[in-house]
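Secondary and tertiary structure notes
Letter by letter, the chains look like this.
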Amino acid sequence: MNKKARRTTVAPVCFIEHTGELIIGDKYIKVMSFWGYPTMFTEGFLAPLIGGQHYYVDMLTEQTDLDYASVLKGERNDIQEKLSKSTDPSEIEELSQRREALDEFIQENVRMKSSTINCICQLYIKADTREELNEYVKEVKNTFGSSAVGISLRCISLLQQGLFRKNTPLFINHGLRKEPDYLNGQPMSSQTVAGLWPWIFDTLDDPQGTLIAREMTSGGKIIFDQFFYRNNPALAKEMNRPNGNMVIIGRSGTGKTTTMNLLIHGHIINHRKIVWLDPENKNETLCRYVHGNYVALGLDGNIINIFDLKPLSTDSDQKESKEIKYSNNAAIMQVIEEIKITFSLLWPNISDDAMAMIGEIVVRTYESVGISTEGTFEHLSVENYPTFTNFTATIKRMIEDMKRSGSKEHERELQALKELEMRMRSITGSNGVEGEYGKYFDGTTTIASDSLESTGMIAIGTKHLFNVTPNLKNALLRMVFNYAWSLCLGHEEMPTVFVNDEQHMFIEEPSLASILAVFQRRARKYNTVTLSGTQEVVEYTNPQILKDGKAIFNNACYQVYMNLTKDAITDLGKLISLSDGEMETLEQLRPWQGIFVCGNKRIPVEFLATERELSLM
Ligand SMILES: Nc1ncnc2c1ncn2[C@@H]1O[C@H](COP(=O)(O)OP(=O)(O)OP(=O)(O)O)[C@@H](O)[C@H]1O
Ligand SMILES: [Mg+2]
């Protein structure tokens, strides 16, 4: 006997065959054959079996010469014959329904030019102990063997070893007969086989979507529409996709920015408005390519004026009327709040008395340029609003008025006003010398907000705001975020995308995390979707910002996890439940591969960027 012949017949030393199971090394294995299928099932219904580590599905298909429609017609004639003989009304009802379903199916098969395929399907179950193996068998029988689902599975003891050999590279020969008829192969239409196929149906085909990725194992296409909740509301509810927010998490260089840019390309094609916060001033090329408006803050005299009145947004389900949304009073109150937060960031030692004066000064500042707390501001534009120059002038005027009145009653107010006047020197300057914060805060907004309507994109580069002291940076970024959000609110009738890459650079700061959490909650109501990229999962679980971090994460129906460090996977595990298989997958993902959570589904994907798209990034 030559060596090769021996290898084909001899099992490995650690391979033991029992009735009902195989033991190889320290694993217990059972091979079960699909003996019958349900008469009706949804596409991809076997897919749950390949999600875990313990089940493997093996399908063997053979094209046959059989005309499946003819087979079905035979079946149809049998039913028809029974029907003509039956007198029992409930039987007649049941048979008629079956005949109707079959007619539809036959027509569909003819229309689709389905061919007939002999399909042989096995399920492999793997476990560490015999008890565990029996548990898995029970589990699969409960899930798929119930009368509602109706799969019939059997373990054919005599064929177990052969089937296992056939699918294991350890063996050269499986000893099974060539023709697979004895394996209970079932003739079925090619369409039914496609329905059984478990590897392809975790793909996505949103009607208004763009192709962004392929499913990692099957190659199925992922055509994704971030505005699915608006474009297909009923289906969105069913699929647990009630908003359009997306977070992409992955270590450096895994393709987050590229993936975000792919999505943005899709949005541009679909004429959606893009408001883009770019902390590294990296996206100028793409922005200019689509003739968007790129603004580098901290450079070129670019300014956002905190006094711009902004539309009101609320958490309530009800839409606000225009009177409320654009109410001067509500908007001025928001500005007072923002100025207070800004001042407390710029000057942590500012006195309570000075803070208490801000409300009145702001209202008088608006009055000084003819804007009262009555009425609405819908038709006002950036040139109409006051600036910090007006604010300082108002303080000075109030001081003069108080001095003139000579009353001692207002001594405390006077002191507070004087403190503010002193502090304002760093913004509005003194004696002809510019204040050091002036270039960031004092002036009319230089961004043409109507450019969002005309060009479709405003990108704000905030890189230069990261070179200043942390408090100044945070004060400025709050202003930028509020401004960007007001752009999304102001274009409510147009779908808007709020993009925020490198989110970890922002949300580690609690005062920024809190406003981002609010946007994330409200975006849906205002026809906006958010797109955030971050390297750090830890930011979402950071105890300092825990509530807001979790809110940002949990209010995103769409999440992508690219390759993560072990620590990051542990952190992610605090936010969602991950199976062992998913944890393993996460560690092994190669660049631009990820797990895409899309409502109810978790799909392993590989993002697809063309050379042209890559060259624009
Ligand atoms: N789908 C893709 N196809 C081909 N190349 C890609 C793809 N995605 C990313 N790349 C390439 O990988 C590199 C890193 O991608 P990218 O900058 O998007 O990663 P990142 O996760 O944003 O990194 P960082 O955290 O450092 O910002 C880039 O050079 C990009 O060209
Ligand atoms: Mg990046």
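Chains are numbered independently. Their residues run from 1 in the order of the written sequence. Whichever chain is written first is A, and whichever ligand is written first is 1; the rest continue in order. Since the coordinates come from a predicted model, pLDDT governs what is reported: local features require at least 70, and pairs of side-chain atoms require 80 or more to be given and counted, while whole-chain, interface and lining totals use all residues. Hydrogens and waters are ignored; side-chain quantities use all the structure's heavy atoms.

1. Topic: the pairing of strand 1 (residues 15-18)
Two faces make up the sheet, and in a regular strand the side chains alternate between them. By the convention used here, strands pair only if DSSP detects at least 2 bridges between them. Put simply, DSSP H or I for four residues or longer makes a helix, DSSP E for two residues or longer makes a strand, and each gets a number counted from the N terminus. Examined bridge by bridge, strand 1 and strand 2 (residues 21-24) share four bridges and lie antiparallel to one another. In the strand pairing of strand 2, Phe15 is matched with Ile24.

2. Concerning the domain arrangement of the protein
Per the domain assignment, the segments making up the protein are domain 1 (3-63 + 116-196), domain 2 (225-303 + 450-617) and domain 3 (305-445). The source of the domain bounds is an automatic or database domain assignment. For domain 2 and domain 3, the distance between their C-alpha centres works out to 32 Å. Contacts between the two partners involve 24 residues from domain 2, matched on the other side by 31 residues from domain 3. Interface area lost by domain 2 to domain 3 is led by Ile303, Met479 and Lys525, which between them contribute 30%. Put simply, a salt bridge is a Lys or Arg side-chain nitrogen that is within 4 Å of an Asp or Glu carboxyl oxygen. Linking domain 2 to domain 3 there are four salt bridges. In this structure, Arg521 engages Asp315 in a salt bridge whose closest nitrogen and oxygen atoms are separated by 2.9 Å. In protein, a polar contact requires one atom able to donate a hydrogen and another able to accept it; more generally it is a pair of N or O atoms within 3.5 Å, and residues adjacent in sequence count only if both atoms are side-chain atoms. Counting every contact that joins domain 2 to domain 3 gives 15 residue pairs in polar contact (both at pLDDT 80 or more). For the side of domain 2 that touches domain 3, the elements supplying multiple residues, two or more each, are helix 19 (470-490) and helix 21 (510-522). With 13 residues, the top contributor of residues to the side of domain 2 that touches domain 3 is helix 19. Here the nonpolar group is Ala, Val, Leu, Ile, Met, Phe, Trp, Tyr, Cys and Pro; Asp, Glu, Lys and Arg are the charged ones; every other residue, Gly included, is treated as polar. When grouped by side-chain class, the residues that make up the side of domain 2 that touches domain 3 number 11 nonpolar, eight polar and five charged. Working rule for contacts: check all heavy atoms of both residues, and any pair within 4.5 Å makes them a contact. Each of two parts loses accessible area, computed with a 1.4 Å probe, when they are put together; buried area is these two losses added.

3. Observations regarding the site of ligand 1
To be near a molecule or strand, a residue needs just one of its heavy atoms within 4 Å of it. Every one of the 14 residues lining ligand 1 counts as a neighbour, but Ser252, Gly253, Lys256, Thr257 and Thr258 are closest to it. Within the side chain of Ser252, a nitrogen or oxygen atom sits 2.7 Å from an oxygen atom of ligand 1. Between an oxygen atom of ligand 1 and a side-chain N or O atom of Gln535, the distance comes to 2.9 Å. For accessible areas, the Shrake-Rupley method is used with a probe of radius 1.4 Å. Any residue's cover is judged against the shown protein chains and nothing else. With the chains in place, 73% of the 630 Å² that ligand 1 exposes on its own is no longer accessible. The element contributing the most residues to the shell around ligand 1 is helix 10 (residues 256-269), with three residues.

4. Points about the environment of Thr285
With respect to the helices and strands, Thr285 occurs in helix 11 (residues 284-289). Relative accessibility under 20% of the residue-type maximum defines a buried residue, over 50% an exposed one, and the middle range a partly exposed one, all with a 1.4 Å probe and only protein chains included. Residue classification places Thr285 among the partly exposed positions, given a relative accessible area of 45%. Through-space distance from the C-alpha of Thr285 to that of Gln226 is 23 Å; in sequence the pair is 59 residues apart.

5. Things to note about the pattern of salt bridges
Enumeration over the complete set of coordinates arrives at 27 salt bridges. Here Arg214 and Glu606 are joined by a salt bridge, their closest N and O atoms 3.1 Å apart. Remark: Glu606 occurs in strand 19 (residues 601-607) and Arg214 occurs in strand 9 (residues 210-215); sequence separation between them is 392 residues. Three or more residues are tied together by salt bridges with common partners; here these are Asp315, Arg521 and Arg522.

6. So, the environment of Cys488
Tracing the sequence through the fold places Cys488 in helix 19. If we ignore the near neighbours within four places in the chain, the residues touching Cys488 are Val275, Thr496, Phe498, Tyr526 and Thr528.

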